[in-house]
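# Structural characterization, general
Listed below, chain by chain, are the residues.
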Amino acid sequence: MERVRHLSELPKAHLHLHFTGSMRPATLLELADKYGVHLPEALTSGTPPKLRATDERGWFRFQRLYDIARSCLRAPEDIQRLVREAAEEDIKDGSGWLEIQVDPTSYAPRLGGLIPALEVILDAVETASRETGLGMRVLIAANRMKHPLDARTLARLAVRYADRGIVGFGLSNDERRGMARDFDRAFAIAREGGLLAAPHGGELTGPASVRDCLDDLHARRIGHGVRAAEDPRLLQRLAERGVTCEVCPASNVALGVYEKPEDVPLRTLYEAGVPMALGADDPLLFGSRLAAQYEIARHHHGFDDAELAELARQSVRGSAAPVGVQDKLLAGIDQWLSG
Ligand SMILES: [Zn+2]
């Protein structure tokens, strides 16, 4: 009988994880208690809330839950704990490289302003990385619900702090609001400063939003991008350019982008040659972490071990990890497969 290879032992890179969304549920309960924050039942029940983010009310509800959770992060030690635990959880799931995504603007009011907030975050990442041994970097994400000038400020800041562990620039929140091209200057600043462009697209809206990310923001990676599956020519373009889609299957189902795990078009992207990096997005709200995304590929999409290893390789190649780190992870993947 063939041995079952554990997916938590498959080396991989984690490229789509949001800051507050990475929190352990038990930590949220403790912090809420510490600060006297009343949590809605959706955050305390232990089962992920059913959200319909495909309509605006559902998305608003998701954002509201996220905001309440974020309001429990008030002191530098809370940030340090969050990041260290995110690293520990990632290591348990076989991650050898983590790129965590954050909009420091939303933490600024409680941490003394934008720059102090950013410094607390970068310090926390550097410390967690050193103490756990997990390679970690940061993507600064602008919020598309805010003014494009805010995004430019953030891009300049990200470039200025690039040598402190920032590797990329993103764009998050409701894709139905604003146009990608409104943020083209911010992305130009980020790219000229050597940062990787990795905006969200093709989650709540269709293939056009992915095309906008490519044409207007020169994205090298796409957050989600799954809706590209609806356009074969776009898939071909992503494949030819080697643009990695950070696909988050459990998130897609939790937010109602797809009804069931088997509806997430993993096979379509894979067969089209579009590189993917499976990610957990917001495990706090969606109830599953990194290895569980690979479990979905195995159990709901019939990916065999060789294909799962290939998915892991794609995540590593799509990362901003230095060549030496990538080579080590790729060798570990081969070892997992041959073991
Ligand atoms: Zn995301």
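Residues numbered from 1 in each chain as written. Predicted model: local features only at pLDDT ≥ 70, side-chain atom pairs only at ≥ 80, totals over all residues. Heavy atoms only, no water.

## Focus on the overall build of the protein chain
A tally of regular secondary structure across the protein chain gives 14 helices and eight strands. Compactness check: the protein chain gives a C-alpha radius of gyration of 19 Å against a globular reference of 20 Å for 339 residues, within 12% of the reference. Taken over the C-alpha atoms alone, the protein chain extends approximately 55 × 40 × 40 Å along its principal axes. The contacts of the protein chain with a sequence gap of at least 6 include a subset with a gap of at least 24, amounting to 74%. Total accessible area computed for the protein chain in this model is approximately 13700 Å², and 50% of it derives from carbon and sulfur atoms. (Helix = DSSP H or I, 4+ residues; strand = E, 2+ residues; numbered from the N terminus. Rg over C-alpha atoms; globule rule 2.2 N^0.38 Å. Contact = heavy atoms within 4.5 Å. Areas by Shrake-Rupley, 256 points an atom, 1.4 Å probe, with all protein chains shown as cover.)

## A closer look at the packing of aromatic side chains
Counted according to the given criterion, the structure contains six aromatic pairs. Summarising the aromatic geometry, the rings of Trp-59 and Phe-62 are spaced 5.1 Å apart at their centres and angled 55° between planes, so their arrangement reads as tilted. Taken together, the residues span about one helical turn, with Trp-59 and Phe-62 both in helix 2 (residues 56-70) at a distance of three residues. You'll find Trp-59 and Phe-62 in the same group, each marked buried. Through a chain of ring-to-ring contacts, the aromatic side chains of Trp-59, Phe-62, Tyr-66 and Phe-286 assemble into a single cluster. (Phe/Tyr/Trp six-rings, centres within 6.5 Å; stacked < 30°, edge-to-face > 60°. Buried < 20%, exposed > 50% of the residue type's maximum accessible area, 1.4 Å probe, protein only.)

## A few points about the sheet that holds strand 8 (residues 244-246)
In space, the three strands of this open sheet follow the order 6-7-8, with parallel pairing throughout. Both edges of this open sheet fall to strand 6 (200-201) and strand 8, since each of them pairs with a single strand only. (Pairing = 2+ DSSP bridges.)

## Concerning the coordination of the zinc ion
All of the protein donors around the zinc ion are His-16 (NE2), His-18 (NE2), His-200 (NE2) and Asp-281 (OD); their distances to the metal are 2.1 to 2.4 Å. One chain supplies every donor for the zinc ion, spaced along it as H-x1-H-x181-H-x80-D. Residue His-200 is located in strand 6, and its partner Asp-281 is located in the loop between helix 10 (266-271) and helix 11 (283-286); the two are separated by 81 residues in the primary sequence. In terms of burial, His-200 and Asp-281 fall into one category: buried. (Donors = N, O, S within 2.8 Å, 3.2 Å for Na, K, Ca; no water.)

## Some words on the nonpolar core
Among the nonpolar cores identified, the biggest contains 111 residues, and Ile-79, Phe-169 and Leu-238 are the most heavily contacted of them. In terms of residues, this core owes the most to one element, helix 4 (residues 114-132), which gives eight residues. (Core = buried A, V, L, I, M, F, W, Y, C linked by side-chain atoms within 4.5 Å.)

## Considerations on the packing of helix 13 (residues 305-317) against helix 14 (residues 323-338)
Look at helix 13 against helix 14: their axes get within 10 Å of each other, and the N-to-C directions meet at 175°. Taken together, the axis directions place helix 13 and helix 14 in an arrangement best described as roughly antiparallel. Seen from helix 13, the contacting residues are Asp-305, Ala-306, Ala-309, Ala-312, Arg-313, Val-316 and Arg-317; seen from helix 14, they are Gln-326, Leu-329, Leu-330, Ile-333, Asp-334, Trp-336 and Leu-337. (Axes fitted to C-alpha atoms, helices over the stretch in contact; angles between N-to-C directions. Parallel < 35°, antiparallel > 145°, perpendicular 65-115°, else oblique.)

## Quick look at the sheet that holds strand 1 (residues 12-18)
Taking strand neighbours across the sheet as the criterion, the five strands line up as 1-2-3-4-5 in an open arrangement whose pairing is parallel. Each edge of the open sheet is held by one strand with a lone partner, namely strand 1 and strand 5 (196-197). Across six bridges, strand 3 (residues 135-143) lies against strand 4 (residues 166-172) in parallel orientation. Looking at the pairing, Val-138 lines up with Ile-166 of strand 4. Each of strand 1, strand 2 (95-102) and strand 3 is contacted by helix 3 (residues 76-92), which is oriented at about 145° to strand 2, the strand it contacts most.

## Re the packing of helix 12 (residues 290-301) against helix 13
When two helices pack together, their arrangement is captured by the angle between the axes and the distance separating the axes. Following both chains from N to C, one finds helix 12 and helix 13 inclined at 145°, their axes separated by 10 Å at the closest point. Handedness of the helix 12/helix 13 crossing: right-handed. The segment helix 12 lies against helix 13, with Tyr-294, Ala-297 and Arg-298 engaging Asp-305, Leu-308, Leu-311, Ala-312 and Ser-315. Along the lines of polarity and charge, the residues of the contact of helix 12 with helix 13 split into five nonpolar, one polar and two charged. (Left-handed = near helix turned anticlockwise from the far one by under 90°. Nonpolar A, V, L, I, M, F, W, Y, C, P; charged D, E, K, R; others polar.)

## So, unusual backbone geometry
For His-224, which is not glycine, the phi dihedral falls at a positive 80°. As for its position among the elements, His-224 is in strand 7 (residues 221-224). For His-224, a relative accessible area of 0% translates into the label buried. A positive phi angle, near 65°, is found at Asp-281, a position not held by glycine. The exposure class assigned to Asp-281 is buried, which follows from its relative accessible area of 3%.

## Things to note about helix 13
Turn by turn, an α-helix covers 3.6 residues, leaving residues three or four places apart pointing in a common direction. With 13 residues, helix 13 extends 18 Å from end C-alpha to end C-alpha; this agrees with the ideal 18 Å at 1.5 Å per step. Of all 13 residues in helix 13, 10 are buried; the element is thus mostly enclosed. All of the buried residues along helix 13 are Asp-305, Glu-307, Leu-308, Ala-309, Leu-311, Ala-312, Arg-313, Gln-314, Ser-315 and Val-316. For helix 13, the N-terminal capping position is held by Asp-304, with its side-chain oxygen 3.2 Å away from the main-chain nitrogen of Ala-306. (Expected span 1.5 Å × (residues − 1). Polar contact = N/O pair within 3.5 Å; in protein donor to acceptor, adjacent residues only side chain to side chain.)

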